[in-house]
Amino acid sequence: MSLSPSLWTIPVSDSDAAAIVSRAQVLFERLRGIVSQHQNVRLASSMAAEDMVVIDAIARTGVPISVFTLDTLRLHSQSVALIDEVSRHYGLVIERVLPDAARVDDYVRHFGVNGFYESVEAKEACCHVRKVLPLARALEGASAWVTGQRRGQGVTRSALALREFDAPRGIDKFNPLHDWSEEDVWAYIHFRHVPFNPLYREGYASIGCDPCTRPVKAGENLRAGRWWWLQEDSKECGLHVQK
Ligand code: SF4
């Protein structure tokens, strides 16, 4: 498929092999450091490019970090297929955490199946049912969790630290790619032949649920295609809110 030149494309990095390996070593040490302090660590993977890097690093280091993904039942088919592909590729279990069916039914009755387009309240209610509550279930019993978030992903993440305290859950949260650039992520993916979502080749710089994600133009904020009908400061789904 030929792409419009105005769409975002996967960045090309000028990092050489030594620089990529050096960054990877830092990442590996971060993961080892996390599991040396915590017994039950879980990676919340949305199967984004960043998560693919962290999964690859988990597989290479053998650190005991379990992986789960929130299957909202509104994902692109490419994202669903990637879950199985990555499981096979690394021989690891990726737990699919589903929303509660009764709560989804309640949401649809109240707001409509695509009610999230109508208001911030309806969008937040949908994310709450399909993401926030399942995340809470997935993290029950965890002593820490890990994400693939980066500072460069937008205004809501510009102050991201390696280690945060998830106050509502009372556990540590780690962002081992917090200081990686978009180019760093893709350099690692290409260098290590890491599987990734084919939607990135179609201008999707950030991938969430199918109806709430669209391709972005070159030069736009990477998350501009997520909930594009909302203001920039509303572009989180409630998973990473610290209260
Ligand atoms: S991203 Fe969209 S479809 Fe997915 S949970 Fe949030 S509002 Fe619902």
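Just so it is clear, the model here is predicted, and its values are computed rather than measured. Counting restarts for each chain: residues are numbered from 1 in the order of the written sequence. Local features in a predicted model are, by the rule used here, given only for residues with pLDDT of at least 70; side-chain atom pairs are given and counted only at 80 or more, and totals for whole chains, interfaces and linings are based on all residues.

*Asks:* Could you give me a rundown of the nonpolar core, with the residues and numbers involved?
*Replies:* Soluble globular proteins: nonpolar side chains tend toward being buried together. Residues Ala49, Val53, Val54, Val146 and Ile189 are the most contacted members of the largest nonpolar core, which totals 43 residues. Secondary structure elements follow DSSP: runs of H or I no shorter than four residues count as helices, runs of E no shorter than two count as strands, and numbering proceeds from the N terminus. Those elements that provide at least two residues to this core are α1 (17-37), β1 (41-44), α2 (49-61), β2 (65-70), α3 (77-90), β4 (144-146) and α6 (182-192). When buried Ala, Val, Leu, Ile, Met, Phe, Trp, Tyr and Cys residues are joined through C-beta atoms within 7 Å, the set is termed a nonpolar core. Counting other C-beta atoms within 10 Å of a residue's own tells you its class, since 20 or more makes it buried, 12 or fewer makes it exposed, and anything in between is partly exposed; those C-beta atoms are placed from the backbone.

*Asks:* Quick rundown of the site of the ligand? Include the residues and the values.
*Replies:* Whether a residue is near a molecule or strand depends on its C-beta atom, placed from the backbone, lying within 6 Å of it. Taken together, 13 residues surround the ligand, and among them Cys126, Cys127, Arg130, Cys209 and Cys212 come closest. Along the lines of polarity and charge, the residues of the shell around the ligand split into 7 nonpolar, 2 polar and 4 charged. In the scheme used here, Gly and all other residues not listed as nonpolar or charged are polar, with Ala, Val, Leu, Ile, Met, Phe, Trp, Tyr, Cys and Pro taken as nonpolar and Asp, Glu, Lys and Arg as charged.

*Asks:* So what about the sheet that holds β4? Which residues, and what values?
*Replies:* When DSSP locates at least two bridges between a pair of strands, those strands are taken to pair. Pairing is mixed in the open sheet, where 6 strands are placed in the order β3-β2-β1-β4-β6-β5. In the strand order of this sheet, the two ends are held by β3 (94-97) and β5 (163-166), each with one partner. Mean inter-strand twist for the sheet, computed between neighbouring axes without regard to direction, equals 30°. By the convention adopted here, residues make contact when the C-beta atoms placed from their backbones lie within 7 Å. For helices, the axis comes from a line fit to the C-alpha atoms of the stretch in contact; other axes are also lines fit to C-alpha atoms, and the angle between any two N-to-C directions lies between 0 and 180 degrees. Its contacts with the sheet place helix α5 (residues 120-138) against β1, β2 and β3, and it is angled at close to 160° to β2.

*Asks:* So what's going on with unusual backbone geometry? Which residues, and what values?
*Replies:* The residue Leu73 is not glycine, and still its phi comes out positive at about 70°. Relative to the assigned elements, Leu73 resides in the loop between β2 and α3. Of note, His193 is a non-glycine position whose phi angle comes to about 55°, a positive value. Mapped onto the elements, His193 comes out in the segment after α6. Residue His193 is classed as exposed on the basis of its 8 C-beta neighbours within 10 Å.

Purely spatial values, then, with no claim about function.
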